[in-house]
Amino acid sequence: MRAVPHVTSLRRAPVQRRSAERLARILDACADLLDEVGYDDLSTRAVAQRAGVPIGSVYRFFGNKRQMADALAQRNLERFTARVTDRLKGAGDRGWRPVMDVVIDEYLDMKRTAPGFSLVDFGNQIPVGAERTGPNHRVADRLTDLLSAHLGRTADENLRRTVLIAVETADGLVQLAFRLSPEGDEKVIEELREMLRAYLARVLD
């Protein structure tokens, strides 16, 4: 797992360990404050105070809070990918259905427990980046690579389109589940699993 977001979301990439640790503190503070005050009332000054760093340290990496949210979203995706990958290492070769369940379970766990995730997740709640590199495209590309490697099949255009449609569908239904219940309505989530099983079976079976 990469310790810092992809360099394109940063004004300057950290080179030394101390700088990387400072960036991590800034993003941790950003995540905590998002839960406490929301995005509209988030400020770079408040993040600097919470992280215990000079305001200049924040501006060294980010020009504004939107760039900071983008970096947090990218870090969330890195952590999500690492968690799914670790789970799949011990899953064995049991087909794509257990992979789908792992992906959903890890996402739901982050949604419920990771600071700031409910507001930023991978950038869906606070849209960041260009349209072609939008949050669901980021997630779908990453999951296609994981799935193709795990199943030993080619990540062709058909598979990438199928996974993107599955990700878009899951995103909408998970949002509905969490509007209905703070922890995510279990009936909606089960319907999501059934829907994805039926859809993905057309391509993956």
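The shown structure was predicted, so the numbers you read here are calculated from the model rather than taken from an experiment.

Caption draft 1: Main features of empty space enclosed by the protein. A complete count under the given rule lists 1 cavity of 30 Å³ or more for this structure. Looking at the largest cavity, it is lined by 28 residues, and the ones nearest its centre are Val103, Leu143, Ala166, Val167 and Ala170. Within the residue set of the lining of the largest cavity, elements represented by two or more residues are α4 (65–89), α5 (96–113), α7 (135–151), α8 (157–180) and α9 (186–204). The element that contributes the greatest number of residues to the lining of the largest cavity is α5, accounting for 7 residues. Grouping the amino acids of the lining of the largest cavity by side-chain chemistry returns 24 nonpolar, 3 polar and 1 charged.

Caption draft 2: Structural detail: the environment of arginine 60. Tracing the chain through its elements places arginine 60 in helix α3 (residues 55–61). A relative accessible area of 35% means that arginine 60 is categorised as partly exposed. Once the C-alpha coordinates of arginine 60 and leucine 23 are considered, the two residues, 37 residues apart in sequence, prove to be 9.6 Å apart.

Caption draft 3: Local environment of the pattern of salt bridges. Scanning all chains against the criterion turns up 19 salt bridges. The salt bridge partner of arginine 142 is glutamate 78, with a shortest N-O separation of 3.3 Å. Of the two residues, arginine 142 is situated in helix α7 and glutamate 78 in helix α4; the sequence distance between them amounts to 64 residues. For arginine 142, a relative accessible area of 25% puts it in the partly exposed group.

Caption draft 4: Local environment of α8. Taking 1.5 Å of rise per residue, the 24 residues of α8 would be expected to cover 34 Å, and the 35 Å separating its terminal C-alpha atoms lies within 8% of that figure. Within α8, burial applies to Leu159, Thr162, Val163, Ala166, Val167, Ala170, Asp171, Leu173, Val174, Ala177 and Phe178. In this fold, the buried residues of α8 make contact with α5, α7 and α9.

Caption draft 5: Representation of the packing of aromatic side chains in the model. Evaluation of the coordinates by the stated rule reveals 6 aromatic pairs. Judged by centre distance (6.3 Å) and plane angle (55°), the ring pair of phenylalanine 61 and phenylalanine 62 falls under tilted. Just as phenylalanine 61 is buried, phenylalanine 62 falls in that class too. Pairing phenylalanine 80 with phenylalanine 122 gives two aromatic rings, centres 5.2 Å apart and planes at 50°, and the pair type is tilted. In this pair, phenylalanine 80 is assigned in helix α4 and phenylalanine 122 in the loop between α6 (117–120) and α7, connecting sequence segments 42 residues apart. You'll find phenylalanine 80 and phenylalanine 122 in the same group, each marked buried. Among the aromatic residues, those joined into a cluster by ring pairs are Phe80, Tyr107, Phe117 and Phe122.

How each quantity is defined
- Residues numbered from 1 in each chain as written.
- Predicted model: local features only at pLDDT ≥ 70, side-chain atom pairs only at ≥ 80, totals over all residues.
- Heavy atoms only, no water.
- 1 Å grid on protein atoms, 1.4 Å probe; cavity = no way out; pocket = protein on both sides within 12 Å on 5 of 7 lines; lining within 4 Å.
- Points joined across faces, edges and corners; volume = space filled by probe spheres on them.
- Helix = DSSP H or I, 4+ residues; strand = E, 2+ residues; numbered from the N terminus.
- Nonpolar A, V, L, I, M, F, W, Y, C, P; charged D, E, K, R; others polar.
- Buried < 20%, exposed > 50% of the residue type's maximum accessible area, 1.4 Å probe, protein only.
- Salt bridge = Lys/Arg side-chain N within 4 Å of Asp/Glu carboxyl O.
- Expected span 1.5 Å × (residues − 1).
- Contact = heavy atoms within 4.5 Å.
- Phe/Tyr/Trp six-rings, centres within 6.5 Å; stacked < 30°, edge-to-face > 60°.

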